[in-house]
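Okay, here's what each chain looks like letter by letter:
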Amino acid sequence: MNQVPVARESADFQRYIAEQERKSLLRFLTCGSVDDGKSTLIGRLLYETKMIFEDHFSALERDSRKHGTTGEEVDLALLLDGLEAEREQGITIDVAYRFFTTDKRKFIVADTPGHEQYTRNMATGASTSDLAVLLVDARHGIVTQTRRHAFIVSLLGIRHIVLAVNKIDLVDFDQARFAAIREAFQQLAADFGFASIVSIPLSARYGDNVAEVSPRTPWYHGPSLLDHLQRVDVGDDLARRPFRMCVQWVNRPDLNFRGFAGTVASGSLRPGDEIVVARSGTRSRVERIVTFDGDLDIAEAGTAVTLTLADEIDASRGDVFAKSDDRPEVIDQFAAHLVWMHEDPMLPGRPYLLKCGTRTVSAQVTEIRHKIDVNSFQHLAAKELRLNEVGEVHLGLSEAIAIEPYRQHRETGAFVLIDRFSNATVGAGMVTHGLRRATNVHWQAIDVTREARAQLKHQMAKVAWFTGLSGSGKSTIANIVEKKLHALGKHTFILDGDNVRHGLNRDLGFTDADRVENVRRVAEVARLMTDAGLIVLVSFISPFKAERQLARDLMAAGEFAEVFVDTPIETCEARDSKGLYAKARAGQIRNFTGIDSPYERPEAPEIHIRSNEEALEHAADRVVAWILGRDSADDWVI
Amino acid sequence: MSVDQHSHLKRLEAESIRIMREVAAEFSNPVMLYSIGKDSSVMLHLAMKAFYPSKPPFPVLHVDTTWKFREMIAFRDDIMQRLGLDMIVHVNQEGVAAGVTPFTHGSNYYTHVMKTEGLKQALDKYGFDAAFGGARRDEEKSRAKERIFSFRSANHTWDPKNQRPELWQLYNARVHKGESIRAFPLSNWTELDIWQYILAENIQIVPLYFAKRRPIVERGGMLIMVDDERMQLQPQEKVEERLVRFRTLGCYPLTGAVESSAATLPEIVREMLIARTSERQGRLIDHDESGSMEKKKKEGYF
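Moving on to the overall build of chain A. When helices and strands are tallied, chain A shows 19 helices and 27 strands. Looking at chain A as a whole, 57% of its 638 residues qualify as buried. Once local pairs closer than 6 in sequence are excluded, the contacts in chain A between residues at least 24 apart make up 71%. Element-wise, carbon and sulfur atoms account for 48% of the exposed surface of chain A, whose accessible area totals about 27,600 Å².

The next point concerns the overall build of chain B. The helix and strand tally for chain B stands at nine helices and ten strands. Relative to its 302 residues, chain B shows a buried fraction of 66%. Across chain B, every contact between residues at least 6 apart in sequence was considered, and the portion connecting residues at least 24 apart equals 74%. Of the roughly 10,700 Å² of accessible surface on chain B, 49% is carried by carbon and sulfur atoms.

A separate point is the sheet that holds strand 8 (residues 222–225) of chain B. All names here are of chain B. Around the barrel, which closes on itself, the four strands sit in the order 7-8-10-9 with antiparallel pairing between neighbours. The average undirected angle you get between the axes of adjacent strands in this sheet is 70 degrees. Across five bridges, strand 7 (residues 212–219) lies against strand 9 (residues 240–245) in antiparallel orientation. What sits directly across from I216, in strand 9, is E240.

Residue and element names in this part refer to chain A. The buried count for strand 1 (residues 24–31) comes to seven of eight residues, which makes it a mostly enclosed element. Inspection of the sheet shows strand 1 paired to strand 3 (residues 105–111) by seven bridges, in the parallel sense. Bridged to L29 within strand 3 is A110. Bridging between strand 1 and strand 4 (residues 131–137) involves four bridges; their strand directions are parallel. By the bridge assignment, T30 is partnered in strand 4 with V133.

Residue and element names in this part refer to chain A. At a minimum axis distance of 9 Å, the contact between helix 14 (residues 512–531) and helix 15 (residues 545–554) shows a crossing angle of 20 degrees. As judged from the angle between their axes, helix 14 and helix 15 are roughly parallel. For the pair helix 14 and helix 15, the crossing hand works out as right-handed. On the side of helix 14, the interface is formed by V516, V519, R520, A523, E524 and R527, while helix 15 contributes E547, L550, A551 and L554. A class-by-class count of the residues in the contact of helix 14 with helix 15 yields six nonpolar, no polar and four charged.

Turning our eyes to something else, we now look at the pattern of salt bridges. In this structure the tally under the stated criterion is 60 salt bridges over all chains. We note a salt bridge from R216 of chain A to D208 of chain A, for which the minimum N-O separation is 2.7 Å. Taking the shortest distance from any N to any O, the salt bridge between R350 of chain A and E547 of chain A comes out at 3.0 Å. With R350 of chain A in the loop between strand 16 (330–340) and strand 17 (351–356) and E547 of chain A in helix 15, the pair connects residues that are 197 residues apart, well separated along the chain. One exposure class covers both R350 of chain A and E547 of chain A, and it is buried. One salt-bridge network, in which partners are shared between bridges, spans D293 of chain A together with K10, E13, K49 and E201 of chain B.

Moving on to helix 18 (residues 616–628) of chain A. All names here are of chain A. With 13 residues, helix 18 extends 18 Å from end C-alpha to end C-alpha; this agrees with the ideal 18 Å at 1.5 Å per step. Along helix 18, the residues classified as buried are A619, A620, D621, V623, V624, A625, W626 and I627. Just downstream of helix 18 lies G629, where phi reads positive at about 75 degrees.

Turning our eyes to something else, we now look at the nonpolar core. Ranked by internal contacts, the top residues of the largest apolar core, which has 80 residues, are M20, V42, F149, W189 and W195 of chain B. Among the elements that make up this core, the one with the highest residue count is helix 1 (residues 8–26) of chain B (eight residues). Ignoring anything within four residues of it in the chain, the contact list for M20 of chain B reads M32, M43, L46, A47, A50, F51, F132 and P185 of chain B. Counting residues in each nonpolar core, the second largest holds 76 residues, with V109, A110, M122 and V210 of chain A among its members.

Once that is clear, we can look at the pairing of strand 12 (residues 283–290) of chain A. Residues in a regular strand project their side chains so that they alternate between the two faces of the sheet. All names here are of chain A. Two strands pair when backbone bridges link them, and strand 11 (residues 274–277) and strand 12 are joined in this way by three bridges, in the antiparallel orientation. Bridge assignment links V276 to a residue of strand 12, and that residue is R283. The antiparallel hairpin formed by strand 11 and strand 12 contains five residues in its connecting segment, where G281 sits at a positive phi of about 80 degrees. Relative to strand 14 (residues 304–309), strand 12 runs antiparallel, the two sharing four bridges. Paired with V286 across the two strands is L309, which belongs to strand 14.

For the coordinates displayed, the defined rule picks out 30 aromatic pairs over all chains. Note on F151 of chain A and F192 of chain A: the rings are 6.4 Å apart at their centroids and 50 degrees apart in plane angle, and the pair reads as tilted. Of this pair, F151 of chain A sits in helix 6 (residues 144–155) while F192 of chain A is found in the loop between helix 7 (175–189) and strand 6 (196–201), placing the two residues 41 residues apart along the sequence. Owing to a relative accessible area of 14%, F192 of chain A belongs among the buried residues under this scheme. Aromatic pair W249 of chain A and F51 of chain B: ring centres 5.0 Å apart, planes at 75 degrees, arrangement edge-to-face.

Remark on secondary structure: sheet strands pair via backbone hydrogen bonds, oriented parallel or antiparallel. Residues and elements named next belong to chain B. Spatial strand order, 3-2-1-4-6-5: six strands in an open sheet with mixed pairing. Only two strands of the sheet have a single neighbouring strand rather than two, namely strand 3 (87–90) and strand 5 (149–152). With direction set aside, neighbouring strand axes in the sheet form an average angle of 30 degrees. The pairing of strand 5 with strand 6 (residues 180–183) spans four bridges and is antiparallel. Residue pairing across strands places F149 opposite A183, the latter belonging to strand 6.

Calculation rules
- Residues numbered from 1 in each chain as written.
- Chains lettered and ligands numbered in written order.
- Predicted model: local features only at pLDDT ≥ 70, side-chain atom pairs only at ≥ 80, totals over all residues.
- Heavy atoms only, no water.
- Helix = DSSP H or I, 4+ residues; strand = E, 2+ residues; numbered from the N terminus.
- Buried < 20%, exposed > 50% of the residue type's maximum accessible area, 1.4 Å probe, protein only.
- Contact = heavy atoms within 4.5 Å.
- Areas by Shrake-Rupley, 256 points an atom, 1.4 Å probe, with all protein chains shown as cover.
- Pairing = 2+ DSSP bridges.
- Axes fitted to C-alpha atoms, helices over the stretch in contact; angles between N-to-C directions.
- Parallel < 35°, antiparallel > 145°, perpendicular 65-115°, else oblique.
- Left-handed = near helix turned anticlockwise from the far one by under 90°.
- Nonpolar A, V, L, I, M, F, W, Y, C, P; charged D, E, K, R; others polar.
- Salt bridge = Lys/Arg side-chain N within 4 Å of Asp/Glu carboxyl O.
- Expected span 1.5 Å × (residues − 1).
- Core = buried A, V, L, I, M, F, W, Y, C linked by side-chain atoms within 4.5 Å.
- Phe/Tyr/Trp six-rings, centres within 6.5 Å; stacked < 30°, edge-to-face > 60°.

By themselves these figures say nothing about function.
So, in structure tokens, the structure goes:
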């Protein structure tokens, strides 16, 4: 098929096309509180740069009559509020991306909501931006939310700020008012280390100082907003940083080609350069830098490439390539700022998935150092992080990975946390520094192994984890199991929820955060006991899937069984051997599982005991059979 | 003509390639939706780049409504053969059997049955856990808030209130069985970027984008091309040869042409620069009311 020829081009047009292809890209976000006029400002930028098509404009005129807040005039803000629900409520509740272009630059704008609870969206918009436009209302000046916005953009590593003092028309273009706001902001921002702060008095509604410098602010000698955005140098110094590339995909079209596909995150690379796989320390030389458009002599930051190496080395998705003279740390514990993004709070000790670069590992917050009041910047003690809260935390990983401070390396310093069960993205983090204790505390090599200890006892060390509602019969069955095992000469121990709370866990209460820690400690103790060769019966309500998974992850496959004692709550409540249900119903006990705190049922327990349908003795026999490694209860009951 | 390595087009290209590689690496059964239009052509070109020297490690799916322009189908078959890609063509046979056509059932219902339902059928049939689409954020208001990895429930619905936060370029690819992700590698491209890239990379596109004299009927304020004998004329309508081209392509009875003499890529780009209406203007389905795209997306439309 013949493409229509590229012909009949004038010299002007050639020049235009060449200009387009040299055009740079600036990504920025806008933030401000409700009614500061963010959406109006972006609508104004689109309007001034002639990005609004006639059909959009006529839809806008129609919508303005229906939902607008500007009377007879066209409400430019309505261009941006994309979702019906938002238009009806008159507030922006999600990040919207907008595009406009001038002769010099293409712009991608993240319009982020200013509403109190949407810190999450601002962090999202900021994560891909190089500059932030902070709006303040000239009538109100710096407000609490301005402080919050400045804090979050600095947290996300944005170094260039425009303070847009909007609605300057409503304060009669008052120079002193503008100067006072600018001064106040500079004081506020002094600690954030922004590389540039440019303050501009403007009116988004009437266009003053947006595209053109306004005659109504003769005392202002700076650039218009658009002029500044076109010219600001956001100092992308990625090229001068050490080389990093996360391997995304191994490219193997046939046996003769093995390439590592990824995007160069920073620095540059040439054929012949030595690279090192951060995690394993394996070295090799770059043979070719392959692209569809031909091999490259140099791969620079931002380029998507496929590398072939001189040696057959062990590397795969998730590995980080560096140069041998500047390698990232490979660690399993580090400190980070964490922004929580989900309605379910972050609980220390709960296992999450962490994705950093192209690698996903299991992770848990080992400690909340403090949470940060985003309005006052004060550090506060916390046992959990709630939606839109920001904290400084320590994290531990299931394995060591290449991870670096976010300020130096965005790509290897940024991570998201994902809930292991719902798969929701629940948190976003920025690494501040690695924790030395991970690298300095080495495992003591022990000559007498856990297998040896278990062998001496003629048994296999295992954990049977009984979970179920209070009063379901967990302890009763665990007791029968232990007696049977004892009679067979096996060495056992029962860890019982109530008993452990009198000693090891007496500092813990019944909040979600404490329940998680309660289970984590018991899981670790159970693990130590199996190291000692014991058969451990854990009898714990353990209501949350995530913690049961944590306990399971501590053990080798086949050494851990979830025993679900499945008794309907009505039965448990009718029994009420400890009188707890009555108290819970009377409101004397709070956070009681099954009443006002959830129980997450196991989905695939190794042993499922429906206690209303099965004799307890028989159920106990099934558990014993599993512990002894027999196929069925009948095998050992002779 | 080659593109400057630091230009915005090269940055957009690199971002798209990165997204495609993430999908290929993280999902077990991805597919690329191919609509034959210019955005699909760019997406396919990027996929050839992303996995070079391998072929894209996923098939291409075309949901055929049976009402596409004939030139589109010819172009589709030719390009798939030339690139050596696996293509799946799916038609909603129930819709065909029920006699659903754009003329008999109205554009909304027809689109729902032949496109949205057809797409869901194909995704279910092959068990795809990720599907690339060529949608861009600049196309329409509800798309401006779309994620690059957009989560869909097991019955393919999109919940705008319950989207996963998406930070940096860390895309959450985790789904349960039956759930899926729609991945949009062209999210940050604009219509102008697409044309400039087609020009710079000399990407093949369907000739319908170039101006030519074509048989046209004016209907409902739109210029509809009479592509085959299934189009029945109203008494007052008459077919005229007019010099037109298409800014967007879909089902011929629902796709309006624009009068234009732009017969080369540079002329099209030049025309773009002075265009005063958006490209979706040429599509009947978006016209009903301004929230209509959001409604369609909730139901599983791309």
